[in-house]
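Residue strings, one per chain:
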Amino acid sequence: MTYRYIICGSGLAGSVAARVLAEKGERVLLLEKLDHVGGSVYDCEDQAGVLIHKYGPHIFHTNNKRVYDFLSRFTGWRDYQHRVLARIGDRYLPVPFNITALKMVYGQETADKYLRLLKESYGTDTVSVMSLRSSGIPELRELGNYVYDNIFLYYTVKQWGKSPSEVDPGTTARVPVRLSEDDRYFTDLYQGMPENGYTEVINRLIKHDNITVETSCDALERLKLSDGKIFFDGEETDADIIYTGEADRLFRYRYGALPYRTLDFRFETLEQDSFQPCATVNYTVSEDFTRITEFKKLTGQKINGVTTIMKEYPKEYSASEGEIPYYPVACKESAALYERYLAECAAYPRLHLLGRLAEYRYYNMDAVVARALEMCEDVR
Ligand SMILES: Cc1cc2nc3c(=O)[nH]c(=O)nc-3n(C[C@H](O)[C@H](O)[C@H](O)COP(=O)(O)OP(=O)(O)OC[C@H]3O[C@@H](n4cnc5c(N)ncnc54)[C@H](O)[C@@H]3O)c2cc1C
């Protein structure tokens, strides 16, 4: 069997690409290293029958209608607006910090005063913590510092393994304070959870007569790059290769390993209906884990007397057996290292890098789908 495309990796990137190309009439071989398809969005039932996201909680949100319409061919959506709370002592504060949180922390009277000052100083719906911390008004500076210290700092220290002094104050530029009671985590036009889970979306994407899927197959054991030529199963191939795995591994770590953060997920199944007030609770001033997800609250699954939660412990990625690289570490050195791998690819015009690992960047699901749609229009 000859294939026009060989796609390495069956995450969202590889699966969307496979579908689009198959619908163009191309024959596609989709190889997946793991024993299941789906990559990071894989979900499955645990032993108690609770639907869990094995590689971390995934909430779909986008303003991109094309992406939403495309995915909607493969799933219906459960209406779901994600809400996050920060656990501070025995209190739960909305994240992003909003007017409700302001009242909880400072009481109605002081909150009213702060709100007046905020409205006089800013004509917008959201203000960055950075801007509050550098405000000329002492009360607003105090508010900015409260949010920085209680919502942002320790969480970031845990997430990226830094000491508080190493946290770049500039990154707070993106941390919003909302001047409203809107407590949704995302404000995108389209939000929801696939009604039967993500694995079913992937299975429907790759179910096509032109797509052959092989799981438990590490593409790099069959693919060799040499002097501008690509070999597959020992023979030179003129198939286009869409590679969605790690860029450094593709070139056998020739220039060294790209740095990542990984996550240790600890699941607990509890014999109770409910564990926490919403799907995600961030631990922003205490604990070694960053957050707890309670899956039933995310997926809407109706199952009584049992619930599964997951704690996330971030740590440095060491490429040991079973460890998964999750977040690229953005810095000048890693960008320069990635550029060297990218330069290697230039010798192989039929090799296309796609997705979060191959492109060494954090993509939300909608962005990776958009990227796959775009790429598959462009490849010959
Ligand atoms: C903890 C966490 C939570 C997230 N939550 C959200 C969220 O709530 N909302 C959102 O929009 N986005 C979220 N994301 C981002 C989302 O996971 C990504 O956008 C998306 O999964 C990227 O898809 P991908 O196909 O590029 O990568 P992946 O899903 O990682 O797929 C890559 C696939 O390639 C396979 N592979 C690698 N090398 C080889 C090889 N040599 N041979 C064969 N197969 C190979 C891997 O096994 C994997 O299956 C989250 C990410 C993380 C880490």
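Residues numbered from 1 in each chain as written. Predicted model: local features only at pLDDT ≥ 70, side-chain atom pairs only at ≥ 80, totals over all residues.

A.B. asks: I'm lost on the site of the ligand in this one. Help?
C.D. replies: By nearness alone, 32 residues border the ligand, and Gly9, Gly11, Gly39, Gly245 and Gly355 come closest of all. Elements represented by at least two residues in the shell around the ligand include exactly helix 1 (12–23), helix 10 (355–358) and helix 11 (365–378). Looking at the shell around the ligand residue by residue, the class counts come to 15 nonpolar, twelve polar and five charged. (Near = placed C-beta within 6 Å. Helix = DSSP H or I, 4+ residues; strand = E, 2+ residues; numbered from the N terminus. Nonpolar A, V, L, I, M, F, W, Y, C, P; charged D, E, K, R; others polar.)

A.B. asks: Help me understand the sheet that holds strand 5 (residues 60–62), please; the structure alone is not making it clear to me.
C.D. replies: With respect to topology, three strands assemble into an open sheet ordered 5-11-6, the strand pairing being antiparallel. The sheet is open, and its two borders are formed by strand 5 and strand 6 (77–78), each paired with just one other strand. When strand 6 meets strand 11 (residues 190–194), the two strands line up antiparallel, connected through two bridges. What sits directly across from arginine 78, in strand 11, is methionine 193. (Pairing = 2+ DSSP bridges.)

A.B. asks: Could you clarify how one ought to interpret the packing of helix 2 (residues 65–72) against helix 11 in this entry?
C.D. replies: Helix packing geometry: the angle between the two helix axes and the distance between the axes. Contact geometry of helix 2 with helix 11 gives a least axis separation of 9 Å together with a crossing angle of 85 degrees. Regarding the angle of helix 2 to helix 11, the classification is roughly perpendicular. Here helix 2 contributes Arg66, Val67, Phe70 and Leu71 to the contact with helix 11, which in turn contributes Asp366, Val369, Ala370 and Leu373. Classifying every residue of the contact of helix 2 with helix 11 gives six nonpolar, no polar and two charged. (Axes fitted to C-alpha atoms, helices over the stretch in contact; angles between N-to-C directions. Parallel < 35°, antiparallel > 145°, perpendicular 65-115°, else oblique. Contact = placed C-beta atoms within 7 Å.)

A.B. asks: Looking at this structure, I do not really get the nonpolar core. What am I missing?
C.D. replies: Note on soluble globular proteins: their nonpolar side chains tend to be buried together. Membership of the largest hydrophobic core comes to 57 residues, with the highest contact counts inside it found for Ile7, Ala17, Ala18 and Val28. Residues within four places of valine 28 in sequence aside, it is in contact with Tyr3, Tyr5, Ile7, Ala18, Leu21, Ala22, Asn210 and Ile211. By size, the runner-up hydrophobic cluster in this structure holds 25 residues, among which are Leu93, Val95, Leu140 and Met310. (Core = buried A, V, L, I, M, F, W, Y, C linked by C-beta atoms within 7 Å. Buried ≥ 20, exposed ≤ 12 C-beta atoms within 10 Å, placed from the backbone.)

A.B. asks: Please explain the pairing of strand 8 (residues 91–95) as it appears in this structure.
C.D. replies: Taken residue by residue, a regular strand's side chains alternate between the two faces of the sheet. Of the pairings in the sheet, the one linking strand 7 (residues 84–88) to strand 8 comprises five bridges and is antiparallel in character. Along strand 8, the bridge assignment pairs valine 84 with valine 95.

Everything listed here is a matter of coordinates, which is why it stays silent on function.
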